Amino acid sequence: MAVEIKAAMGNPGFTIGLLNYGNRYATYGNDKVLYTVNASGEVKEIKSMYDSINLGEGFEGMLVMPLSSLSWVGWAGADKTLAQVTGIFIETNAKYNWNFALTIGEIGFYEGN
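Here goes a summary of the coordinates provided. Only a predicted model underlies this, so the values are computations on that prediction, with no experimental measurement involved. (Residues numbered from 1 in each chain as written. Predicted model: local features only at pLDDT ≥ 70, side-chain atom pairs only at ≥ 80, totals over all residues. Heavy atoms only, no water.)

## Concerning the overall build of the chain
What counts is decided by this rule: We count a stretch as a helix when DSSP gives it H or I for four or more residues in a row; a strand needs E for two or more, and each element gets its number in order from the N terminus. Only the C-alpha atoms count toward the radius of gyration. The rule for a globule is 2.2 Å times the residue count to the power 0.38. Only protein chains enter the calculation, and the probe is 1.4 Å; a residue is then buried if its accessible area is under 20% of its type maximum, exposed if over 50%, and partly exposed in between. Any two residues whose heavy atoms approach within 4.5 Å at even a single point are treated as in contact. Here the accessible surface of atoms and residues is derived via Shrake-Rupley with a 1.4 Å probe, and residues count as covered only by protein chains that are part of the display.
Summing up its helical and strand segments, the chain has zero helices and nine strands in all. Reading the chain from its N end, one meets helices and strands in the order β-β-β-β-β-β-β-β-β. In terms of overall dimensions, the chain is globule-like: its C-alpha atoms have a radius of gyration of 14 Å, near the 13 Å expected for 113 residues. Its C-alpha atoms give the chain principal-axis dimensions of about 40 × 35 × 25 Å. Residue burial in the chain is summarised as follows: out of 113 residues, 35% are buried. In the chain, of all internal contacts separated by at least 6 residues, the share reaching a separation of at least 24 is 70%. Of the roughly 6,900 Å² that the chain leaves accessible, carbon and sulfur atoms contribute 51%.

Written out as structure tokens, the structure is:
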């Protein structure tokens, strides 16, 4: 999955992922490998920690999340499929992350290296 994103204010730790009705496929867990691509095309590897990622204040570019780096969370026995993606989500812990702004642009699936 690829998301055009701008960290306009602050540097929150946040979880991001796909929704399949009540099920979530996201950056849960530690050491999940994701990539950022800045406006000049520079690729940087980042890893999740405490189920969250940080982009750094002022980051503007694309967040690339290989599906192999995402984990399922959902109802027991739920159909764990991405055949019907119903949305994306971003969540954070408001006790530690507040006064921030993220701007989301285009969202899509990326195939390749």
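## Quick notes on unusual backbone geometry
One non-glycine residue, Tyr50, lies in the positive phi region at around 55 degrees. The topology assignment puts Tyr50 in the loop between β5 (43–47) and β6 (60–64). The class for Tyr50 is exposed, based on a relative accessible area of 67%. Phi at Asn99 is positive, roughly 60 degrees, even though this residue is not glycine.

## Some points on the sheet that holds strand β8 (residues 87–91)
Filter applied, for reference: Here, a strand pair is defined by DSSP locating no fewer than two bridges between the strands. All axes are obtained by fitting lines to C-alpha atoms, using only the stretch in contact for helices, and the reported angles, taken between N-to-C directions, cover 0 to 180 degrees.
Spatially, four strands are ordered β7-β3-β2-β8 in an open sheet, and the strand pairing comes out antiparallel. At either end of the open sheet lies a strand with only one pairing partner, and these are β7 (71–73) and β8. Strand-to-strand, the axes of this sheet are offset by a mean angle of 30 degrees, without reference to chain direction. Pairing of strand β2 (residues 15–20) with strand β3 (residues 23–26), which is carried by four bridges, proceeds in the antiparallel orientation. Bridge assignment links Leu18 to a residue of β3, and that residue is Tyr25.

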